[in-house]
Every structure is written in C-alpha cells, then in structure tokens.
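Tertiary structure, described
These are the residues of each chain, in order.
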Amino acid sequence: MPVLEKANKLLEDARVDAVILTDPTNMRYLTGFTGEGYVIVSKTVSQIVTDSRYTLEATEKLADSGDIEVVEWNKKGYYRPVMDFVKNPQIKSIGFEDRHLTVAAYRRFEKRLQRYVKLKPLHDAADALRQVKSPDEIEKIRLAEEIGDRAFARLMLDFGVSPERLGKAGEEVSAYHVPDSMIPTETSEKEIAWALERYLRIEGGERLSFDTIAASGLNGAKPHAIPTDKTPAAGELLTLDFGCVYNGYCSDMTRTIAVGEPSDELKRIYDTVLCAQETALNEIRPGMTGAEIDALARDVIKEAGYGDKFGHSLGHSVGLNIHESPGFSSKEKTVIMPGMVVSVEPGIYVENVGGVRIEDLVAITEDGIENLAKSEKSLIVI
C-alpha cells in the first residue's frame, strides 16, 4: 500500500488533517524508514524528519517513493520542519501518538505547534492500521517462524532426538547440522537458551524478538521465567519460548519437552494444554471475537480442573512488534479478520509442580487459519 494511501486511511480514522508519528514501528510501517526522528503526513505530503546520520540512507532507500520527502532537521532545528508543515492553512488539527510520546516530549511539541493547530491524541488509530497484514507481511512472518522451526530442530538434535521425530524441519537441518553433543543433565537453562538463540541467528534471524525463556521443573510454573543456572533434572519438563526477527517481522513459538519420563500429573497437564490448543486451532474462524476464541481453549482447561492455573490470555497479534493487537482474551471484543496473525498459546502453571505452554502463530484466513509453526507438539522426551 503506497505511503499516501496508508496516510489517508490513518487521517480518516483519526479525523485529523495531519499526523506526526514518533513510534519507530509506525514510522517504519508507514514509510519504511528505520532511523531516528519523526514522520509527518497530510493528505498530500509525507515527510521523514531526521538528522545527518540517516538522511543519505533514507534518501537512497526511499528513492522510488515519490510521495515521501526527507528533511534534515540539523539545518532548521528539530521542531522547525513540523512547524513549517502545519503553517498550511488547510491543516487545522494534527494527531500525535499519545501512547508513545512522553509527557515531556508532548509538551515540547505543544509549545511550538499550538499556535498553529489543535493537537489531538491518536489513541490506537496508528496501531490499528497494522492489524490486518498484507500477503507480503504474512510471508515475512512465515519465514521468521520457519527460522524458529529450524533452530528448535537443531537444539533437539543436540539432545539426541532423531530427525524423523522432528518432522520436516528435523529432516531439513539434519542434512547439515553437526550436534554440539550437549547433555541435558549437564546443561543449564541459561546455556540451553543461549544455544537456541545462537541457532536462531545462524538460521537467519536478524535479532531476537524477545528474551528467550528456558524454564525447567518448578521454574516452569512461572510463565515468563528468566533462565537460571539450574540444570533440568530427570522427570522434569522444560519450557522453551523463543522468537526472532526476519526482515523486520517477528516470530514467536513455545514448546515444552520432557527430560526423562515425567510424572503422570505432568503428562496429564501436558495433554490438557495440547488438547486446549488443538481445540482452538480447529475451531477458529474469522468473524469470531477474541473473547470467543479465548474461551475455546480456556473451557478445555477449566473442564480438566486447571481453570485457575491458566492466568494469561490465549494469544496476541504479532507483526513488526512481538505484542500487537488484537488478541485472544476473555475481554477482547474485537472481531477477528482474515489477514491477522495471532499466537495461540494456552498454558497451565502449577506452583511446586511445574508448567506447560504450547504456542503456534496462525494467520487468519477466509475460512479458518493457516498454522505458520510446524515444529512437533506431541511430547518429546530427551
């Protein structure tokens, strides 16, 4: 979608004559610019305002975009370009990103602009523009998720899991992967997380999309546990939550594996989470609300007696940011539409016992979903 087409949609939704974007994610989405500065747009003009560190790169990168102008603030001062921009008599209001600007930054803009225009908060209008992904965006997320599949497969090969057990990704990476001979009982959560992060980079990830989680045993009862020096013990579960960025877009995946045979209770918890996820995956349809989709998995967990052990929402949208909207939660009233990309990640967390989470990214289609994650989900025992 051309810059001005996106800009006009934003202006229409926000009911303003112009917009100033300061959130790097929204700046990138609207213009492709990834440096520091801000973007100002009206129905006829778009400007990237930045300094000398980025002007040459921005000008070269956006050379084919005839509807974007690069303005260097060093020549006029940081605020002068937007002050000149809003002197246009047709611009009577300008939207600002109240969810991104600090109070101090807002006051600096207000001091210089209020004599020319009325400042209006955008609320979620800019973020909402990114909710439905284009086919190109979905392809980038798919490729990022494939990197996660291959990284997870390589880690499992290090743990002695056969390539056949790991599906397509396992067979693919086994052709070139040389195991690091890591032994689970001698490898800490930190080391496991680091190995996974290394594989994410080797397989093509630009960077991590969030801090990797590797949580074993009782640490698994903490949904966002920080990896420690603890080594997984026999009979424990190990939850791995990981993702990378590819061409600006994020992946997100969680798998829980077992180190040796787990107890009957842990198996029951695992089977319940897997059943909850599969139930949701099979029944998600566009036109449902996020709350209705959340209930698909949550009801399964409640019926198994673990309702109070599933405290977070079923999922969140993913794109240029790892957490976007809408999500699948008990309070989400947004209607889910084709083109949205959302995680499906039920979990059960029992203090003094352990925890399980299984997560896939799915793209909403016209009649259901496309699951972008291909890694094995039946319980892997290492």
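Look a little higher up for the structure.
Values in this document were obtained by computation on a predicted structure and should not be read as measured data.

Any two side chains of opposite charge can pair, given that their charged atoms come close. Tallied over the entire structure, the rule returns 24 salt bridges. One salt bridge in this structure joins E206 and R207, with 3.8 Å as the shortest N-O distance. What makes E206 partly exposed here is its relative accessible area of 36%. Taking the relative accessible area as the measure of exposure, R207 reaches 42% and is therefore partly exposed. Connected through shared salt-bridge partners, D127, R130, K133 and E324 make up one network.

Glancing now at the nonpolar core. Core analysis: the biggest nonpolar cluster contains 36 residues, and L10, V19, L21 and V39 have the highest contact counts within it. Of all elements in the fold, only α1 (3-14), β1 (18-21), α2 (24-31), β2 (38-42), α6 (125-128), α7 (135-158), β11 (249-250) and β18 (360-364) reach the threshold of two or more residues within this core. With five residues, the top contributor of residues to this core is α1. Beyond its immediate sequence surroundings of up to four residues, V19 is in contact with L10, L11, V39, I40, V41, I94, G95 and L122.

Right, let's get into the pairing of β18. Taking burial as the measure, the five residues of β18 include five buried ones, the bulk of the element. Burial of the side chains of β18 extends over both faces: D360, V362 and I364 are buried on one face and L361 and A363 on the other. Relative to β18, strand β15 (residues 341-344) runs antiparallel, the two being bridged by four bridges. Looking at the pairing, V344 lines up with D360 of β18.

In a regular helix each residue adds 1.5 Å, so 12 residues correspond to 16 Å; α1 covers 16 Å between its end C-alpha atoms and thus fits that length. Looking only at α1, the buried set comprises V3, L4, K6, A7, L10, L11 and A14. The buried side chains of α1 occupy one side of the element, clustering within an arc of 155 degrees when seen end-on. Against the buried residues of α1 lie β1, α2, β2, β3 (46-50), β6 (118-121) and α6. Residue R15 follows α1 closely and has a positive phi angle near 60 degrees.

Time to look at the sheet that holds strand β8 (residues 213-216). Strand pairing in a sheet relies on backbone hydrogen bonds. The paired strands run either parallel or antiparallel. Within the open sheet, the three strands sit side by side as β8-β9-β12. Their pairing is antiparallel. Two strands lie at the open edges of the sheet, namely β8 and β12 (253-259), each paired on one side alone. With strand direction ignored, the average angle separating the axes of adjacent strands in the sheet is 15 degrees. Relative to strand β9 (residues 236-242), β8 runs antiparallel, the two sharing four bridges. The partner of S216 across the bridge, within β9, is L238. Across the sheet, α7 touches β9 and β12, and the angle it forms with β12 is around 10 degrees. Together, β8 and β9 form the strand contacts of helix α9 (residues 189-202), whose direction differs from that of β9 by roughly 35 degrees.

Counted under the stated rule, the structure contains nine aromatic pairs. Summarising the aromatic geometry, the rings of Y78 and F109 are spaced 6.3 Å apart at their centres and angled 50 degrees between planes, so their arrangement reads as tilted. Remark: F109 occurs in helix α5 (residues 103-113) and Y78 occurs in the loop between β4 (69-72) and α4 (80-85); sequence separation between them is 31 residues. When the ring of Y79 is compared with that of F109, the centres are 5.2 Å apart and the planes differ by 80 degrees; the resulting orientation is edge-to-face. With Y79 in the loop between β4 and α4 and F109 in helix α5, this residue pair connects regions lying 30 residues apart in the sequence. Taking relative accessible area as the criterion, Y79 reaches 14% and is therefore assigned buried. Taken together, Y38, W73, Y78, Y79 and F109 form an aromatic cluster joined through their ring pairs. One Lys or Arg, K6, reaches over the ring of Y29 and ends 4.2 Å from the middle of that ring. Stacked on the ring of F310, the Lys or Arg R298 has its end atom at 4.0 Å from the ring centre.

What counts, and at which threshold
Each chain has its residues counted from 1, following the order in which its sequence is written. In view of the model being predicted, local features appear only for residues whose pLDDT reaches at least 70, and side-chain atom pairs are presented and counted only at 80 or more, with totals across whole chains, interfaces and linings using the full set of residues. Water and hydrogen atoms play no part in the side-chain values, which are based on all heavy atoms of the structure. A side-chain nitrogen of Lys or Arg and a carboxyl oxygen of Asp or Glu constitute a salt bridge if their distance falls within 4 Å. For every residue, the accessible area (1.4 Å probe, protein chains only) is compared with the maximum for its type, and the residue is labelled buried under 20%, exposed over 50%, or partly exposed between those bounds. As used here, the term nonpolar core means buried Ala, Val, Leu, Ile, Met, Phe, Trp, Tyr and Cys residues forming a set that is joined through side-chain atoms within 4.5 Å. Numbering of helices and strands starts at the N terminus; helices are DSSP runs of H or I of at least 4 residues and strands are runs of E of at least 2. By definition in these notes, contact holds between two residues if any of their heavy atoms fall within 4.5 Å. Here the rule is simple: two strands pair whenever DSSP picks up at least two bridges between them. Multiplying one less than the number of residues by 1.5 Å gives the expected span of a helix. Arc definition: directions from the helix axis to the C-beta atoms. Note on geometry: axes are C-alpha line fits, over the in-contact stretch for helices, and angles between N-to-C directions span 0 to 180 degrees. Two aromatic rings from Phe, Tyr or Trp, using only the six-membered ring of Trp, form a pair when their centres are within 6.5 Å; if the ring planes differ by under 30 degrees the pair is stacked, by over 60 it is edge-to-face, and anything between is tilted. By the criterion adopted, a ring carries a charge over it if an Arg CZ or a Lys NZ lies within 6 Å of its centre and within 35 degrees of its normal.

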